[in-house]
Amino acid sequence: MRNIIGQAVVGDDLYGRTYELGRLWELLDHGQHILMLAPRRVGKTSLMLELRRAPRDNWDVLYIDVEGGEGPADFVAAILAALATIPRYRTLFEAIPFSTGVKKVLARLKSVAVDIDVFRVELKGALGREWVHPEDQLYARLASLPDAGVDLLIIVDELPLLISRMLRSDGGHREVELLLSRLRHWRQAPELRGRVHTLVGGSIGLEGVLRRAGLSGLINDITPFRLDAWSRTTATKFLDEAGRDSNFLLDQDSITHILELLGDPVPYHVQLFLSALRDACKGEPARISPNLIEQCFVERLAGAAGTAHLDHYATRLESAFDPEEYAMARSILSRACNRAGVSLARLKDLTKPNEATFQSVLRDLQADGYLNRQGDHLEFRSNLLREWWGKHHVS
Ligand SMILES: Nc1ncnc2c1ncn2[C@@H]1O[C@H](COP(=O)(O)OP(=O)(O)OP(=O)(O)O)[C@@H](O)[C@H]1O
Ligand SMILES: [Mg+2]
């Protein structure tokens, strides 16, 4: 097994997610639409890509990532582009009276092999801002497809980022409402039921984004699916096997020490630790010592070198929240980042200016995996993130 750090992983490189994959397929087989709820970096995109790589019999799976999108036209262009790569659906387009511009782009696909990302950009250009009509037409064509016994799963990664960007633009609230209402229509229409399924998720929580915009009702029919970090047992096995496969065998005490330092065994953090330790030991397991493990944690993972891997925890907050919420989130995290955590009583002053904002931000910090709450006590879920936040974000 390879220790791949950074990119999403599939196939043999996706470790310890057999149960989750089985459960997702079970929910989909039961006709559910899924909202993936998960902290950062636990492997959402990897699971989504694995569903596409190895679909169950009689399933077509599309994966689109709308992180870079600005509005619903990007969303529709991405779906059209992904669908057009599957011959079964490409022929469907021929019967749709798209605009001449869109038809031209689609026609090109028949004659030359086009990179899907290029194709998607060209389609977006051809659509302009007009997305409702093409989306309607696509819906109508899918609804009229004869039932060939094949289900279609449309996976939308980073939808919350697109929605939150749209909400910040002029007229965005209305557009978000329209887009999400259309998607709900896709989920609920009898013509598509049991044939077209959706799975949405992303690196910030959609629930939080919509709650703040007063639009939660538009997703209350989707089944939540909770994905957490690895269990301690899975992380232990991973370190043992990945170490073994790279001639860098770790003993049980070292594995326990690593996992204790990390706190929550987020796959990405476990991988970073293994790689940093191996470098620190120049690949020689005989050099591993408790001191070196500690030093690796403090200097390489939580130190300046770790910022490249952990900074997204801060930047994602900035893109998810408005300035007031972002400031609130930073204050809460900064107070919670000592070893013992913090009690809610000690955050009382933060609730004074705006109790509702405080509660909403706190809920999101828990949902997105930054904080754990036990009764009135808050603490960082990941000891690595706690250590890093304390060093780089608390003045
Ligand atoms: N089950 C797994 N097995 C091996 N590596 C994993 C697993 N899950 C995640 N990873 C590693 O963690 C990193 C992040 O994975 P991925 O991009 O799938 O997570 P994500 O939850 O989508 O992250 P983000 O919150 O940034 O969107 C990658 O380096 C990937 O290799
Ligand atoms: Mg992801």
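Keep in mind that what you see is a predicted model, and the values were worked out from it rather than measured. (Residues numbered from 1 in each chain as written. Chains lettered and ligands numbered in written order. Predicted model: local features only at pLDDT ≥ 70, side-chain atom pairs only at ≥ 80, totals over all residues.)

1. Focus: the overall build of the chain
Okay, so step 1: Assigned secondary structure in the chain consists of 19 helices and 8 strands.
Okay, so step 2: Compactness check: the chain gives a C-alpha radius of gyration of 23 Å against a globular reference of 21 Å for 395 residues, within 12% of the reference.
Okay, so step 3: The dimensions of the chain, computed from C-alpha atoms along their principal axes, are 65 × 55 × 35 Å.
Okay, so step 4: The burial tally for the chain puts 39% of its 395 residues in the buried class.
Okay, so step 5: Taking contacts inside the chain between residues at least 6 apart in sequence as the whole, the part at least 24 apart equals 76%. (Helix = DSSP H or I, 4+ residues; strand = E, 2+ residues; numbered from the N terminus. Rg over C-alpha atoms; globule rule 2.2 N^0.38 Å. Buried ≥ 20, exposed ≤ 12 C-beta atoms within 10 Å, placed from the backbone. Contact = placed C-beta atoms within 7 Å.)

2. Description of the site of ligand 1
Okay, so step 1: Close to ligand 1 lie 21 residues; Gly-43, Thr-45, Ser-46, Ser-203 and Tyr-268 are nearest.
Okay, so step 2: Among the secondary structure elements, those contributing two or more residues to the shell around ligand 1 are α2 (44-53) and α13 (267-280).
Okay, so step 3: Looking at side-chain class alone, the shell around ligand 1 contains 9 nonpolar, 7 polar and 5 charged residues. (Near = placed C-beta within 6 Å. Nonpolar A, V, L, I, M, F, W, Y, C, P; charged D, E, K, R; others polar.)

3. Brief notes about unusual backbone geometry
Okay, so step 1: Although it is not a glycine, Arg-41 sits at a positive phi angle of roughly 65°.
Okay, so step 2: Positionally, Arg-41 belongs in the loop between β1 (34-37) and α2.
Okay, so step 3: Even without being glycine, Lys-282 reaches a positive phi, approximately 50°.
Okay, so step 4: Examined against the element boundaries, Lys-282 turns out to sit in the loop between α13 and α14 (290-301).
Okay, so step 5: Among the residues examined, Lys-282 registers 7 C-beta atoms within 10 Å and is labelled exposed.

4. Topic: the environment of Val-209
Okay, so step 1: Mapped onto the elements of the fold, Val-209 is located in helix α10 (residues 206-212).
Okay, so step 2: Note: C-alpha distance between Val-209 and Leu-161 (48 residues apart in sequence) is 8.7 Å.
Okay, so step 3: Residues contacting Val-209, with those up to four places away along its chain left out, are Pro-160, Ile-163, Ser-164, Ile-204 and Ala-320.

5. Things to note about the confidence of the model for the chain
Okay, so step 1: Looking at the chain as a whole, the pLDDT averages 91, with 99% of positions reaching at least 70.
Okay, so step 2: Here helix α5 (residues 100-111) stands out as the least confident element of the chain, with mean pLDDT 74; helix α12 (residues 252-262) is the most confident, with 98. (pLDDT = per-residue confidence, 0-100.)

6. Concerning the sheet that holds strand β5 (residues 223-226)
Across a sheet, paired strands are connected by hydrogen bonds in the backbone, their directions being either parallel or antiparallel.
Okay, so step 1: Reading across the sheet, the 5 strands line up as β2-β3-β4-β1-β5 and stay open at both edges, with parallel pairing between neighbours. Each end of this open sheet is capped by a strand with a single partner; those strands are β2 (59-65) and β5. On average, each strand axis in the sheet is tilted by 20° relative to the strand beside it, whichever way the strands run.
Okay, so step 2: The pairing of β1 with β5 spans 4 bridges and is parallel. Following the sheet pairing, Met-36 is matched in β5 by Phe-225. (Pairing = 2+ DSSP bridges. Axes fitted to C-alpha atoms, helices over the stretch in contact; angles between N-to-C directions.)

7. Section: the domain arrangement of the chain
Okay, so step 1: Domain boundaries assigned for the chain yield domain 1 (17-226), domain 2 (232-301) and domain 3 (307-393).
Okay, so step 2: Relative placement of domain 1 and domain 3: their C-alpha centres are 31 Å apart.
Okay, so step 3: Listed by partner, the interface residues are 13 residues for domain 1 and 10 residues for domain 3.
Okay, so step 4: Listed by contribution, the elements that provide at least two residues to the side of domain 1 that touches domain 3 are α8 (159-167) and α10.
Okay, so step 5: The greatest single-element share of the side of domain 1 that touches domain 3, amounting to 5 residues, is contributed by α10. (Domains from an automatic or database assignment.)

8. Let's talk about the packing of helix α16 (residues 323-336) against helix α18 (residues 355-367)
Okay, so step 1: Remark: α16 packs on α18, axes separated minimally by 10 Å, with the N-to-C direction vectors making an angle of 65°. Our pair here, α16 against α18, has a crossing hand that is right-handed. Residue-level inspection shows Glu-324, Glu-325, Met-328, Ala-329 and Ile-332 of α16 in contact with α18, the latter providing Thr-357, Phe-358, Val-361, Leu-362 and Leu-365.
Okay, so step 2: Of the residues belonging to the contact of α16 with α18, the class tally is 7 nonpolar, 1 polar and 2 charged. (Left-handed = near helix turned anticlockwise from the far one by under 90°.)

9. Focus: the sheet that holds strand β6 (residues 342-343)
Okay, so step 1: Pairing within the open sheet is antiparallel, and its 3 strands lie in the order β6-β8-β7. On the outer flanks of this sheet lie β6 and β7 (371-374), each paired with one strand and no other.
Okay, so step 2: Pairing of β7 with strand β8 (residues 377-380), which is carried by 4 bridges, proceeds in the antiparallel orientation. The residue of β8 that forms the bridge with Gln-374 is His-377.
Okay, so step 3: Helix-sheet contacts for α16 involve β6, β7 and β8, and the interaxial angle to β8 is about 90°.

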